[in-house]
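Below are the chains, spelled out letter by letter.
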Amino acid sequence: MNKNIWDFWAGRYDRLWVQKYSLKPTRDLVIAELKSILEDDLRGELSLLDVGCGTGQLLEDIQRRIGISRLTLTGMDKSEKMLAIAAEKLNNVNLLAGDALDLPFRGSQFDILTCCHSFPYYSDQIKALREFKRVLKPGGVILLIQAAENNFYDKLIMKGVKVTTGKASYPSNAQLGKLAQKAGLFLKEQKPLKTKFFMPSIILSILQNGD
Ligand SMILES: C[S@@+](CC[C@H](N)C(=O)[O-])C[C@H]1O[C@@H](n2cnc3c(N)ncnc32)[C@H](O)[C@@H]1O
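Residues numbered from 1 in each chain as written. Predicted model: local features only at pLDDT ≥ 70, side-chain atom pairs only at ≥ 80, totals over all residues. Heavy atoms only, no water.

A. Summary view of the pattern of salt bridges. Taken as a whole and judged by the stated rule, the model has 12 salt bridges. Its salt-bridge partner being D14, residue K89 comes within 2.7 Å of it at the nearest N-O pair. Separated by 75 residues along the polypeptide, K89 in helix α4 (residues 80-89) and D14 in the loop between α1 (5-10) and α2 (18-40) bring together distant segments of the chain. (Salt bridge = Lys/Arg side-chain N within 4 Å of Asp/Glu carboxyl O. Helix = DSSP H or I, 4+ residues; strand = E, 2+ residues; numbered from the N terminus.)

B. Highlighting the domain arrangement of the protein. Split into domains, the protein comes out as domain 1 (1-14 + 44-98) and domain 2 (120-211). For domain 1 versus domain 2, the separation of C-alpha centres amounts to 19 Å. Linking domain 1 with domain 2 are zero salt bridges. Linking domain 1 to domain 2 there are one residue pair in polar contact (both at pLDDT 80 or more). Within the residue set of the side of domain 1 that touches domain 2, elements represented by two or more residues are α1 and β1 (46-51). Broken down by class, the residue content of the side of domain 1 that touches domain 2 amounts to six nonpolar, two polar and no charged. (Domains from an automatic or database assignment. Polar contact = N/O pair within 3.5 Å; in protein donor to acceptor, adjacent residues only side chain to side chain. Nonpolar A, V, L, I, M, F, W, Y, C, P; charged D, E, K, R; others polar.)

C. Inspection of the sheet that holds strand β7 (residues 202-208) at higher detail. Read across the open sheet, the seven strands follow the order β3-β2-β1-β4-β5-β7-β6; overall the sheet is mixed. Every other strand in the sheet has two partners, leaving β3 (93-97) and β6 (186-192) as the edge strands with one partner each. On average, adjacent strands in this sheet sit at an angle of 15 degrees to one another, irrespective of strand direction. Where β6 and β7 come together, six bridges link them in antiparallel fashion. Residue pairing in the sheet places F186 in a bridge with Q208 of β7. Of the strands in this sheet, β1, β2 (71-77), β4 (110-116), β5 (136-147), β6 and β7 touch α2, which is tilted by about 155 degrees from β5. Strands β2 and β3 of the sheet are contacted by α4, whose axis makes an angle of about 165 degrees with β3. (Pairing = 2+ DSSP bridges. Axes fitted to C-alpha atoms, helices over the stretch in contact; angles between N-to-C directions. Contact = heavy atoms within 4.5 Å.)

D. Spatial organisation of the nonpolar core. Within the largest apolar cluster, 28 residues are counted, with the highest numbers of intra-cluster contacts made by L48, I62, L71 and L143. When residues of this core are traced back to their parent elements, those giving at least two are α2, β1, α3 (57-65), β2, α4, β4, β5 and β7. Counting residues per element, this core draws most heavily on α2, at six residues. Setting aside residues up to four positions removed in sequence, L143 forms contacts with V30, E33, L34, I37, L113, T114, C115, L204, S205 and I206. V51, L101, F110 and L136 belong to the second largest nonpolar core, which has 26 residues in total. (Core = buried A, V, L, I, M, F, W, Y, C linked by side-chain atoms within 4.5 Å. Buried < 20%, exposed > 50% of the residue type's maximum accessible area, 1.4 Å probe, protein only.)

E. Geometry of unusual backbone geometry. For S108, which is not glycine, the phi torsion reads 50 degrees and is therefore positive. By secondary structure assignment, the location of S108 is in the loop between β3 and β4. Assessed through its relative accessible area of 43%, S108 is described here as partly exposed. Phi is positive for H117, close to 55 degrees, though the residue is something other than glycine. Relative to the helices and strands, H117 resides in the loop between β4 and α5 (125-135). According to the relative accessible area criterion, H117 is buried, its value standing at 16%.

F. Focus on the packing of α2 against α3. Where α2 contacts α3, the two axes come as close as 10 Å, and the packing angle between them is 45 degrees. Our classification of the angle between α2 and α3 gives oblique. For the pair α2 and α3, the sense of crossing is right-handed. The residues of α3 that touch α2, namely those facing Q19, R27, D28, V30, I31, L34 and K35, are Q57, L58, D61, I62 and R65. Its residues assigned to classes, the contact of α2 with α3 comprises five nonpolar, two polar and five charged. (Parallel < 35°, antiparallel > 145°, perpendicular 65-115°, else oblique. Left-handed = near helix turned anticlockwise from the far one by under 90°.)

What follows is the structure in structure tokens.
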């Protein structure tokens with residue numbers, strides 16, 4: 001499996017079968033969380049960074065379902081081909097290439113960071129979480145959603161998934177909690193995404209930069 005596997009998937013990504021049971025429900029859950037954050041946060045404009053934004057589906061959904069009157073949107077991904085597809089769909093979004101392990105942003109810049117189904121592919125997950133913390137403003141929130149190997153069934157399914165993605169690590173709820181702690185982030189909550197019985201655990205971890 002080469003390092004540009006996501007370039008390979010880019011043109012096929014929006015039509016993959018996992019859209020129905022994993023990726024679309026993921027976006028729905030993240031949108032619901034974002035709406036609740038915006039309701040509770042009385043500040044005016046908020047800046048959001050989507051790390052590993054892929055073909056820009058979440059950013060497109062945010063624009064359509066939440067609007068951009070209060071949100072400044074930025075998307076970042078390592079795959080140029082994913083970004084090229086995102087760029088075809090999106091207006092009024094800053095899109096740039098970069099690595100989650102070395103984010104191309106100055107510190108304390110974003111209020112909200114989303115990261116959907118990208119974290120398992122990072123070679124150094126603590127480093128990525130430290131980068132997330134660095135670019136977040138004090139009190140900033142991370143919505144991190146990923147498949148989690150919480151039990152034997154999850155491990156079996158994700159072993160099959162790895163055949164299509166290459167090397168990956170799907171931390172369990174407890175492991176993610178430890179990673180967050182080591183990176184200096186506060187784990188507020190973990191919410192399971194329930195779709196079909198045959199799907200593996202997919203967990204939304206809500207983390208906060210407590211600085
Ligand atoms: C499964 S796709 C998820 C795309 C999108 N977030 C979604 O939910 O559909 C994983 C994405 O993570 C990106 N990615 C993998 N490793 C990365 C890294 N180190 N830095 C930034 N992006 C990365 C890939 O290029 C790919 O677009």
